[in-house]
Amino acid sequence: MRIIPFTTNCGVVIDDVDLADLTDVDFQKIKQAFATHGLVFFRDQNFSPLQHIELANKFGKIVHNRIFKNLPDHPEITLVSKDKNQTTNIGGGWHTDHSYDKEPAMASILVARELPSSGGATKFANLSAAYNGLSEGLKTTLSSLVALHSNDHLYGEGGYFSGTDLADKLADDVEVNHAKHPIIITHPESQKKVLYVNKGHTIGIEGWKTEEAFALLNYLYEHGCKEEYICEFNWLPGSIAIWDNRMTWHYANNDYQGEKRTLHRITIAGQALT
């Protein structure tokens, strides 16, 4: 097994390993790389849905998604799909999965299944590196603030997706949640400080007026996606990405109109953040 930096601050590629036939030693190396870097990529994997579920169970408890439709025979797996005739995509903006939950998701495991002839890459951002890039004064200011998170404006009744051509991909029993989390968290495993807000699901700052909150939040969003903190992963057959939702953002490019793109995602449960 080789672990190779993908970019200076964003992710690693792990090769010479078969995720469908992992030894305990190999898995521990992968888990350590995940804890250290928050983002690991794999290429050329031959991976069935059952093996996807088996790998996820090694990381922790699977979150049964109630936002988008799941694979009929394997409800643990969410369909991240856009058809040829659809123009909207899932994940087409910087966000963190499940930050609107009181115990946000630890990880997501995304597997390429059907890809367009070109386009459809996913960008990622390292929010631990972004935190390190803040001034000491701003770090001090942020350390006492709590952000408000929700998914109601996206998936709730009258929310964004209900008015798009992806409305048919929403789950029949969409679950709307709200949560509060510190803007600066201490990562539960690595103990790194992380900037924990995201443009998709953060809707305000506790005790602040909306215009005040977004003056600060919009600055943080611009800071978090600076070139030195981000990378872009081009999906190929057999590609898999595993990312830590507590220290990364991601953004699915919507640049393959007229073609279908389908990936399978499993989300792993996390814990309350402090």
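Residues numbered from 1 in each chain as written. Predicted model: local features only at pLDDT ≥ 70, side-chain atom pairs only at ≥ 80, totals over all residues. Heavy atoms only, no water.

Turning our eyes to something else, we now look at the overall build of the chain. Each helix and strand in the chain was counted, giving six helices and 17 strands. Computed over its C-alpha atoms, the radius of gyration of the chain comes to 18 Å, within 12% of the 19 Å expected for a compact globule of 274 residues. Overall, the chain is about 50 × 45 × 30 Å in size when its C-alpha atoms are taken along their principal axes. Scored against the burial criterion, the 274 residues of the chain give a buried share of 52%. Partitioning the contacts of the chain with sequence separation of at least 6, the portion at a separation of at least 24 is 81%. Total accessible area computed for the chain in this model is approximately 12,200 Å², and 48% of it derives from carbon and sulfur atoms. Taking the average place of the 25 positive charges on the side chains of the chain and the average place of its 34 negative ones, the gap between the two points comes to 2 Å. (Helix = DSSP H or I, 4+ residues; strand = E, 2+ residues; numbered from the N terminus. Rg over C-alpha atoms; globule rule 2.2 N^0.38 Å. Buried < 20%, exposed > 50% of the residue type's maximum accessible area, 1.4 Å probe, protein only. Contact = heavy atoms within 4.5 Å. Areas by Shrake-Rupley, 256 points an atom, 1.4 Å probe, with all protein chains shown as cover. Lys, Arg positive; Asp, Glu negative; His and termini not counted. Charge placed at Lys NZ, Arg CZ, Asp CG, Glu CD.)

Here we come to helix α6 (residues 210–224). The end-to-end C-alpha distance of α6 is 20 Å, a good match for the 21 Å that 15 residues give at a rise of 1.5 Å each. For α6, the set of buried residues is Ala213, Leu216, Leu217, Leu220, Tyr221, His223 and Gly224. Angular distribution of buried residues about the axis of α6 spans 160°; they occupy a single face of the element. Along α6, exposed side chains directed more than 90 degrees from the buried face belong to Glu211, Ala215 and Glu222. (Expected span 1.5 Å × (residues − 1). Arc of directions from axis to C-beta.)

Moving on: the sheet that holds strand β10 (residues 178–182). Strand-to-strand pairing in sheets goes through backbone hydrogen bonds, with the strands running parallel or antiparallel. Taken in spatial order, the three strands of this open sheet run β10-β9-β13, and their pairing is antiparallel. Two strands bound the open sheet, and with one partner strand each, they are β10 and β13 (202–205). Taken over all neighbouring pairs, the strand axes of this sheet differ in orientation by 30° on average, direction set aside. (Pairing = 2+ DSSP bridges. Axes fitted to C-alpha atoms, helices over the stretch in contact; angles between N-to-C directions.)

Looking now at empty space enclosed by the protein. Scanning the entire structure with this criterion turns up one cavity of 30 Å³ or more. One number sums up the size of the largest cavity: a volume of about 30 Å³. Around the largest cavity, the lining residues are Val80, Ser81, Lys82, Asn89, Ile90, Tyr256 and Arg261. Sort the elements by how many residues they give to the lining of the largest cavity and strand β6 (residues 74–82) lands first, with three residues. Across the lining of the largest cavity, the residue classes break down as three nonpolar, two polar and two charged. (1 Å grid on protein atoms, 1.4 Å probe; cavity = no way out; pocket = protein on both sides within 12 Å on 5 of 7 lines; lining within 4 Å. Points joined across faces, edges and corners; volume = space filled by probe spheres on them. Nonpolar A, V, L, I, M, F, W, Y, C, P; charged D, E, K, R; others polar.)

Of note, Asp16 is a non-glycine position whose phi angle comes to about 60°, a positive value. One can find Asp16 in the loop between β2 (12–15) and α1 (24–37). A relative accessible area of 59% means that Asp16 is categorised as exposed.

Purely geometric numbers; function is a separate question.
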